[in-house]
Each structure stands twice: as C-alpha cells, then as structure tokens.
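# A look at the structure
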Amino acid sequence: MTSTSREDRLNAAFVMVADTLTDDYDVVELLHTLVSECTEIVEVQAGGLMLLDADGDLQVVASTTESAELVEVLQLAAGAGPCLDCFAMGEQVSVPDVAATVRWPAFREEALRRGFRSTHAIPLRLRGDTIGTMNLFGTSTGALSDRDASAAQALADVATISILQQRVSAHAQVVAEQLQRALDSRVLIEQAKGAVAQVNGTSMDESFALLRRYARDRNLTLHTLAEAITSRSLPVAALTSSHSAE
C-alpha cells in the first residue's frame, strides 16, 4: 500500500466512522466498519472486537473472519490472552511472534492452529474509561509499526467517543443500552449468516461478506437486514440473485 493510498484510506475510514454519528446510528455497523477498515489499513489478515456488556463482562461483538472470532472466544473462555491484558491495563499489547510467547498457552495454541502468527490488541478507551478492545491478527510474524499502531488507536478512539457520547443525562443507562443492542444485533447477524450459509452452501465468512455487500448497496444496517432474513420477510435468494446480477 503506497503512502498516498494509505492516507486516503485512513481519511476515508474516519469519514465512515463519523457518518455513523447520527441519532439512530447502529453500534454493530460502526464496530464492523472500524475493525474491517483497520485490518485493511494496517495490512493484517483478520480482526475482532470485544465490548463490555450491561453486566460488566467482555463479549465478542464484531469480527472479520470466523477464525478471528474463535480466537477471541477462546481468550474469554480461558480468561487469559493479550486482548484481556490490553483491556485490564488500558494499553496496547503487541505479540509480534505468537509461537515464541510463553504467556497465554491456550491462546497461543488456538491462534497458531488458526494460522495467526502475530497479534496486536488496541484498547477502546476514553480517558480512564476502557469499554473494550480491538484485536488485529496477522498470518506472519512482526509487530505493527508505530505509525500503524497510532492510526489504529486513533480510529478506535473515535469509535469509543461515538459509543460513549451523551445524548441524555443518564450516561450509564445510555451506554448499557447501546452495548446490549450491539450484543442483541450480533445474535441476529449470526443467525442470518447461518441461514445464508445453509441455503447457499457457502462458508460463514462468505455468507457474512454477502450480507454486508447487500446491506451497503441498499443503505441498510446489518441489524435491519439480519432481522429481515431471520424473520423470513426477505428470502435468502434475494441476496444471491442480487449478487449474481452484479
């Protein structure tokens, strides 16, 4: 990626995140945009994102691939990993060579099994308030450059501000409602991915890409599209016929 194209992509990513800052913005769409854009800008192969839910527990809310999501879930189940350390400290945690680390053995084994050789965890924070982490996974060893790490943190900071912005005085209630809606949306999206995969015989990653493309082309949120698919008000065939027509 050349310097010019990289800066153009970074500027476009900031615009995309800023475009979500409306009264009815969709948290899940924001977070999927954030992690997808970051993986492309810093040229890693996958990413995932965890957020605190209303009960104060971290949950996986967004991921670019099933492999990344499984590594994220494994860390939560084991209660250990770079993403959890990043959240606890509110600081970036870099693992340039997963195979060489002696920490987090369960994470190391699962990450290597999924083909990831490096990872970089970035906190979603605003001042002293950390609400989650964004986690970038590479299939080759090596740390992010300072420039890439700063760019990813800047995008994460903007997304965090958008999530925590106060529209009413009851700040804690607003945050809890937004994060819970994000988790509820994720369940719908997973169900929709499964429905598309079953009908089309495609992988979950391919099914998710089809959902995102259809939603973007028609200016729909992922939540709205997933709801239509799971309620059967929109048949799966509509997605595939639209894609074929293109």
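Residues numbered from 1 in each chain as written. Predicted model: local features only at pLDDT ≥ 70, side-chain atom pairs only at ≥ 80, totals over all residues. Heavy atoms only, no water.

## A word on empty space enclosed by the protein
Over the atoms rolls a probe the size of a water molecule, and its path tells where empty space is left. All chains considered together, the criterion is met by 3 cavities of 30 Å³ or more. Size it by volume and the largest cavity reaches roughly 60 Å³. In terms of lining, the largest cavity is formed by His32, Val61, Ala62, Ser63, Glu69, Arg186, Ile189, Glu190, Lys193 and Phe208. For the lining of the largest cavity, the secondary-structure elements that each account for two or more residues are β2 (58-63) and α7 (171-200). (1 Å grid on protein atoms, 1.4 Å probe; cavity = no way out; pocket = protein on both sides within 12 Å on 5 of 7 lines; lining within 4 Å. Points joined across faces, edges and corners; volume = space filled by probe spheres on them. Helix = DSSP H or I, 4+ residues; strand = E, 2+ residues; numbered from the N terminus.)

## Overview of the layout of surface pockets
Looking at the second largest pocket, its volume works out to about 290 Å³. For the lining of the second largest pocket, the secondary structure elements donating two or more residues are α2 (27-41) and α8 (204-217). Of the residues contributing to the lining of the second largest pocket, the split by class is 2 nonpolar, 6 polar and 7 charged. (Nonpolar A, V, L, I, M, F, W, Y, C, P; charged D, E, K, R; others polar.)

## Let's talk about the pairing of strand β4 (residues 118-126)
With 7 of its 9 residues buried, β4 lies for the most part within the structure. As judged from the 3 bridges shared by strand β3 (residues 93-95) and β4, these two strands associate in the antiparallel manner. Note that in β4 the partner of Ser94 across the bridge is His120. Direction of pairing for β4 relative to strand β5 (residues 129-138): antiparallel, over a ladder of 9 bridges. By the bridge assignment for β5, Ile122 is matched with Met134. Taking the residues between adjacent antiparallel strands as the criterion, β4 and β5 are bridged by 2 residues, where Arg127 takes a positive phi near 55°. (Buried < 20%, exposed > 50% of the residue type's maximum accessible area, 1.4 Å probe, protein only. Pairing = 2+ DSSP bridges.)

## A closer look at the nonpolar core
Residues Leu31, Leu49, Met134, Leu136, Ile229 and Leu239 are the most contacted members of the largest nonpolar core, which totals 44 residues. A per-element tally of this core places α2 first, with 7 residues. The contacts of Leu239, once residues within four sequence positions are left out, are Val196, Leu210, Leu211, Tyr214, Ile229 and Leu234. Core analysis: the second largest hydrophobic core is formed by 13 residues, Val98, Ala111, Phe116 and Ala121 among them. (Core = buried A, V, L, I, M, F, W, Y, C linked by side-chain atoms within 4.5 Å. Contact = heavy atoms within 4.5 Å.)

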